[in-house]
Amino acid sequence: MSTLKRTLGVCYYPEQWPREIWKQDAQRMVEAGLTWVRIGEFAWQSLEPAAGDYRLEWLDDAIDVLGRAGLKVVLGTPTATPPRWVLAKHPDMLAYDDQGRPRGFGSRRHYCFSHDGFRKEAAQIVTQLAQRYGANPYVAAWQTDNEYGCHDTTISYSPAARTAFQQWLRVRYEGDIHALNTAWGNVFWSMTYDDFDQIDLPNLTVTEPNPAHSLAFRRFSSDQVVSFNRAQVDIIRAHSDAPVTHNYMGRITDFDHFAVGSDLDFASWDSYPLGFLEDRSGMDAAHQKHFARQGDPDFQAFHHDLYRSVGGGRWWVMEQQPGPVNWAPHNPAPLDGMVRLWTWEAFAHGAEAVCYFRWRQAPFAQEQMHAGLLRPDSVAAAGLSEACEVARELSDTPDVVPAQARVALMFDYDADFAWAVQPHGAGLSYFGLVFETYRALRSLGLSVDIVPPSKRDFAGYTLILLPGMLYVPDALKRALHLCEGQVVLGPRTGARNSEMAIPVPLPPDWAGLDVTVAAVESLRSDTPVALRGGGYFTGYREQIETNAEVLEYCADGQPAFVRQGNFYYLAGWGDQPALRRLFDTLCNNAGLETISLPDGVRCRDTGAERFWFNFDTTAHSVAGLDLPAISVTRSAF
Ligand code: GAL
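Thresholds applied
- Counting restarts for each chain, with residues numbered from 1 along the sequence as it is written.
- Owing to the predicted nature of the model, reporting of local features is limited to residues with pLDDT of at least 70; listing and counting of side-chain atom pairs is limited to 80 or more, with chain, interface and lining totals taken over all residues.
- Remark: hydrogens and water are excluded; side-chain values derive from all non-hydrogen atoms of the structure.
- Secondary structure elements follow DSSP: runs of H or I no shorter than four residues count as helices, runs of E no shorter than two count as strands, and numbering proceeds from the N terminus.
- Here the radius of gyration uses the C-alpha set of atoms, whereas the globule reference equals 2.2 Å times the residue count to the power 0.38.
- Whether a residue is buried, partly exposed or exposed follows from its accessible area with a 1.4 Å probe, protein chains only, as a fraction of its type maximum: under 20%, in between, or over 50%, in that order.
- Should any heavy atoms of two residues lie within 4.5 Å, those residues are considered in contact.
- In short, Shrake-Rupley with a 1.4 Å probe defines the accessible areas, and a residue's cover is counted only from the protein chains shown.
- When charges are counted, neither His nor the chain ends are considered; positive counts come from Lys and Arg and negative counts from Asp and Glu.
- To locate a charge, the coordinates of NZ of Lys, CZ of Arg, CG of Asp or CD of Glu are taken.
- Residue types Ala, Val, Leu, Ile, Met, Phe, Trp, Tyr and Cys, when buried and joined through side-chain atoms within 4.5 Å, form a set referred to as a nonpolar core.
- A domain assignment, automatic or from a database, supplies the domain bounds used here.
- Buried area is calculated as the accessible area (1.4 Å probe) missing from two parts once they are joined, with the contributions of both summed.
- Any carboxyl oxygen of Asp or Glu that lies within 4 Å of a side-chain nitrogen of Lys or Arg is treated as forming a salt bridge with it.
- Here the term patch refers to residues with relative accessible area over 30% and no salt bridge, with like charges joined within 9 Å and nonpolar side chains (Val, Leu, Ile, Met, Phe, Trp, Tyr) within 5 Å.
- For each structure, a 1 Å grid was placed over the protein atoms alone; sets of points admitting a 1.4 Å probe that cannot get out are labelled cavities, open sets with protein on both sides within 12 Å along at least five of seven lines are labelled pockets, and lining residues have an atom within 4 Å of a point.
- Grid points are joined across faces, edges and corners, and a volume is the space filled by probe spheres set on the points.
- Asp, Glu, Lys and Arg are counted as charged, while Ala, Val, Leu, Ile, Met, Phe, Trp, Tyr, Cys and Pro are counted as nonpolar; the rest, among them Gly, fall into the polar class.
- Any residue with a heavy atom lying within 4 Å of a molecule or strand is counted as near it.
- Under the rule applied, a polar contact is a pair of N or O atoms within 3.5 Å (in protein, one hydrogen donor and one hydrogen acceptor; residues adjacent in sequence only if both atoms are side-chain atoms).
- A pocket or cavity is taken to hold a molecule when more than half of that molecule's atoms are within 2 Å of the pocket's grid points.
- A pair of aromatic rings is counted whenever rings of Phe, Tyr or Trp (Trp by its six-membered ring) have centres within 6.5 Å, and the orientation is called stacked for planes under 30 degrees apart, edge-to-face for over 60 and tilted otherwise.
- Whether two strands pair depends on DSSP finding at least two bridges between them.
- Between N-to-C directions, angles cover 0 to 180 degrees, with each direction set by a line fitted to C-alpha atoms, over the stretch in contact for helices.

Peer 1: Looking at this model, I keep getting lost on the overall build of the chain. Mind explaining?
Peer 2: When helices and strands are counted, the chain shows 18 helices and 26 strands. Relative to the compact-globule value of 26 Å for 637 residues, the chain shows a C-alpha radius of gyration of 25 Å, a close match. Out of the 637 residues in the chain, the part that is buried amounts to 59%. In the chain, of all internal contacts separated by at least 6 residues, the share reaching a separation of at least 24 is 70%. As presented, the chain carries roughly 24,000 Å² of accessible surface, and 50% of it is formed by carbon and sulfur atoms. Counting 55 positive and 77 negative side-chain charges, the chain places the averaged centre of each group 3 Å from the other.

This is the structure:
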C-alpha cells in the first residue's frame, strides 16, 4: 500500500489580529515546520458586514500573505456564525430547544438547519467565497461550516423544522398517512393521524412520545445536516478542484457522519483529549484522575479509527489541543510530551495531517482561557516546541504505511439514534457500548477498523463485531453469511425492525444461529449479573433460548455467550474484565494474536511497523520492549 507524506498545520484567525503581524505570523508558522493554515470559518461578519455588502479584500490579502510564505490554506465557510444582521433579516431562523424555546444569539451555531431563508443566506456567502477563491493557487482545501452538531445543535424543535419534518414524512411514506400509522403502531393510545400536517415534533408531549415518531425525527434531523452540507459542497465544487472536508467533533453522534462524509473528499475531526476526558469519556473518577493530563488512551484512537472510515480512508485532525482548553469542567495542562504523543497517535492511525488549535491565544471573548501555540503576547507557549519536534521527526523518520486491520467493529449512527430514543436503562448508550467493546479489543493489543453499516465486503477480517446495532438490513445479514471471519452479535443486535418495532420472529432472527432473545432487562449499576468465569454484565442483559454451544454462563445459569459455526451471540453488556476474557479466548481460537496491555499502554499496527504509546507516567516493559513514561515507540514486526 502507498505511503503518504504526513504534515502539520494550525488554525488561524487573521480577522482577529492587526494586519501588520500577519506576515510575521506566517513566517513563524513556516519556521515551525507547519504546512497548513486553516482560516475563515467564523469570519462571516468581517466578510459581509451587511446583507450583500461583501468585503473580501482583507481575505484576499490574508490568503496571499500566508500562501506567499509557503503555507497551504484550508478555507472554511463561515456559516457556523451567522452575524446579527442575518438574524434581524430572518428572526425565525433560530434553532429551538426541546422546551420550545429559541436559542439565543451571542455565541455560535444558533441556526436551524431547516430554515430556508438562512439556507439561502448561507448559500450566498459560500458562493461568494467559492467564486473568488475557487481557483486561488494557495487555497488547497475547503472546510464546510464548523463542527455540525456541536453544542447540541443538530436537533431543532422550531416551526421551520416542524414544516420540513412533515414534508420529509410525506416523502418517506409516499403520501400515505395510513402507511405511517401502521409503521408506527399509532393504534396504540389512539395516536392515529388523518394527515401529515397534524404531526407535531416529538417534544412537549405529556409522557414519552412514540419511539417510532422520535426515531423518525432524529433521522429527519440527520438528513437536514446532510443536505445543508451537500448544498455547500456543490457550490464549492462548481468553482474549485480542491478537496472538501468538514471538521467533526468527538462523541457527537446525532447525525449520520457517514452520510455527510459521502459528499466530502476527506474527513477531519477536532481532538481535545483533556477536555473530552472529563466532559464526555464517561470514565470513572479514578480513571479520570489517573489520565487527567494525558487524556483517555482509547477515546482519541476510537475517533481516529471512526473518522478514517467516515473519510473513506482519508482523514485529518483539523484541531489538536495544544495546551489547556477553556470549556471542560476543569482544564489542566497536558504533561510534557503529550502534544507530541497525541500527534503521533493520529499519524499511526492514518491521519494525513494534524493541525493545532490555535496559533495564538486570543486575549478577548469566549476562548481567552484557551491555549494556542503562542501566548497572547506572541511568545511561544508550551505546545509549540512539541509541534516543532514532530515537524523535525516527520522529515527524519519513515512515513506511515496504511494497512487494513484484522478486526472490524461496526458503527451505525442510526443505531445510536434508536438507543437515544430507547436506552431502556439510565445512562445506557450505543456509543458507550461500542466504545467499551473497542476499549476491550484495544487492551488486547488489537488494531481495529471501524466500519460503516453499508459495509458488505469483509475480506481480510478475522473478527467482525456488531454490538447493539438495533436494525440490521437483510443485505448486511447476507454479506455476513458469506464472510469467513468470526461474527459477534449482541446485545440488542437486530432487536428492532426499520420502524423501531420488535420483529417477529423474535430477535436476532439470524439464519444459522439458533438464538432467540426471549426477555430483556436493564440493570441498576449496583445489581450487575456475575458471569461464571469472571466479570459481569452491567446495565443490560438478555435471556436467550438457544441450542447453540454455550461458551459462558451467567452465575444464575442463563447462557451468556454462545457460538454456532462462525456466529457468536453475547447476551448482555459485558464489563471490561468480561469482554477482555471472552474476546481473548475467541481471538486465540481464531488465530489472532493478543497481548494483555496495561491501561496506559496501547499499540497500533501499520503496514510496516507497530507503534506503541505509553500514556503512563511510569515506564512499562511490554512484549520485550521498554516503553518509557509518556512515550512513542516504533518497533518493526
Ligand atoms: C472546537 C471548535 C473551535 C474552538 C475549540 C476550542 O470545538 O471547533 O472553534 O471553539 O473547540 O477548544
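Peer 1: Whenever I open this one, the nonpolar core confuses me. Can you help?
Peer 2: One recurring pattern in soluble globular proteins: nonpolar side chains tend to sit buried together. Among the nonpolar cores identified, the biggest contains 170 residues, and F165, L169 and W184 are the most heavily contacted of them. Apart from residues lying up to four places away in sequence, W184 is in contact with F165, L169, Y173, Y193, I199, N210, A212, H213, A216 and E499. Counting 25 residues, the second-largest nonpolar core is a separate cluster that includes A408, F458, L476 and V515.

Peer 1: What is the right way to look at the domain arrangement of the chain in this model?
Peer 2: How big an interface is tends to be stated in terms of accessible area lost as the parts join. If you check the domain split of the chain, you get domain 1 (4-153 + 227-394), domain 2 (160-212), domain 3 (407-590) and domain 4 (601-636). Contacts between the two partners involve six residues from domain 2 and, on the opposite side, five residues from domain 3. Taken together, both faces of the contact between domain 2 and domain 3 bury some 400 Å²; the carbon and sulfur share is 48%. Summed over the three residues of domain 2 that lose the most area to domain 3, namely R172, A183 and P211, the buried surface amounts to 76% of that side. The interface formed by domain 2 and domain 3 holds one salt bridge in total.

Peer 1: Sorry if this is basic, but what is going on with a nonpolar patch on the surface here?
Peer 2: Judged by side-chain polarity, V187, F188 and W189 come together as a nonpolar surface patch covering roughly 410 Å² of accessible area. Topologically, F188 is positioned in the loop between α7 (177-184) and α8 (211-239).

Peer 1: Where do I start with unusual backbone geometry in this structure?
Peer 2: Peptide bonds are mostly trans, and most non-glycine residues show a negative phi. Here V504 and P505 are connected by a cis peptide whose omega angle stands at 5°. Within the secondary structure, P505 sits in the loop between β13 (486-489) and β14 (508-510). For the bond running from P507 to P508, omega is -5°, close enough to zero to count as cis. The topology assignment puts P508 in strand β14. Of note, S378 is a non-glycine position whose phi angle comes to about 75°, a positive value. Structurally, S378 is set in the loop between β9 (353-356) and α14 (382-396). Judged by its relative accessible area of 23%, S378 is partly exposed. Backbone geometry at I630 places phi at a positive 40°, although glycine is not the residue there.

Peer 1: How do you make sense of the layout of surface pockets when you look at a structure like this?
Peer 2: Over the atoms a probe the size of a water molecule is rolled, and this reveals where empty space is left. Taken as a whole, the largest pocket holds about 970 Å³ of empty space. Across the lining of the largest pocket, the residue classes break down as 14 nonpolar, twelve polar and eight charged. Along the wall of the second largest pocket there are 34 residues; nearest its centre are D152, I155, R218, D254 and A420. Where the lining of the second largest pocket is concerned, the elements lending two or more residues are α8, α15 (413-421) and α16 (430-443).

Peer 1: Would you explain empty space enclosed by the protein in this entry?
Peer 2: Tallying each qualifying case throughout the model produces three cavities of 30 Å³ or more. Here the largest cavity defines a volume of roughly 70 Å³. Along the wall of the largest cavity there are 13 residues; nearest its centre are T437, P467, G490, L570 and F583. Those elements giving two or more residues to the lining of the largest cavity turn out to be α16, β21 (572-574) and α18 (576-590). If one sorts the elements of the lining of the largest cavity by residue count, β21 sits on top with three residues. Each residue belonging to the lining of the largest cavity can be placed in one class, and the counts come to nine nonpolar, four polar and no charged.

Peer 1: Looking at this structure, I do not really get the site of the ligand. What am I missing?
Peer 2: What surrounds the ligand is the set F42, R108, N146, E147, M249, D270, Y272, E319, W327, F357, E367 and H370. N146 is positioned with one of its side-chain polar atoms (N or O) 2.9 Å from an oxygen atom of the ligand. At 2.3 Å, a side-chain N or O of E367 approaches an oxygen atom of the ligand. Relative to its unbound accessible surface of 310 Å², the ligand loses 98% to contact with the protein. For the ligand, the cavity whose grid points lie within 2 Å of the majority of its atoms is the largest pocket. Looking at side-chain class alone, the shell around the ligand contains five nonpolar, two polar and five charged residues.

Peer 1: I tried to follow the side chain of E436 on my own but got confused; where do I start?
Peer 2: Note on placement: E436 falls in helix α16. Buried and without a salt bridge, E436 has R439 as its closest oppositely charged side chain, separated by 4.1 Å. The residues contacting E436, other than those within four sequence positions of it, are W573, Q576 and L579.

Peer 1: What am I meant to see in the packing of aromatic side chains here?
Peer 2: For any pair of aromatic rings, geometry is given as the distance between the ring centres together with the angle between the planes. Tallying each qualifying case throughout the model produces 50 aromatic pairs. Look at F217 and F220: their rings are 5.8 Å apart centre to centre, the planes differ by 25°, and that puts the pair in the stacked class. A residue pair is termed a helical-turn pair when its members lie 3 or 4 positions apart in one helix, as F217 and F220 do in helix α8 at three residues. Here F220 falls in the buried class, since its relative accessible area comes to 2%.

Peer 1: Help me out: how do you make sense of the sheet that holds strand β26 (residues 631-636) in this one?
Peer 2: Neighbouring strands of a sheet are bound in pairs by backbone hydrogen bonds; such pairs are parallel or else antiparallel. Here we have three strands laid out as an open sheet, ordered β22-β23-β26, and antiparallel in their pairing. Taken across any chain shown, the strands that pair with only one partner, and hence form the sheet edges, are β22 (601-605) and β26. Sheet twist, expressed as the mean angle between neighbouring strand axes with direction ignored, is 20°. Bridging between β22 and strand β23 (residues 609-614) involves five bridges; their strand directions are antiparallel. Across the sheet, V601 pairs through a bridge with N614, a residue of β23.

Peer 1: Mind showing me how you'd approach the sheet that holds strand β8 (residues 315-320) here?
Peer 2: The parallel open sheet is built from nine strands, whose spatial order is β5-β4-β3-β2-β1-β9-β8-β7-β6. Each edge of the open sheet carries a strand with a single partner, namely β5 (244-245) and β6 (247-248). Alignment of strand β2 (residues 36-39) against strand β3 (residues 72-76), held across four bridges, turns out to be parallel. Looking at the pairing, W36 lines up with K72 of β3. Together, β6, β7 (267-271) and β8 form the strand contacts of helix α12 (residues 299-310), whose direction differs from that of β7 by roughly 165°.

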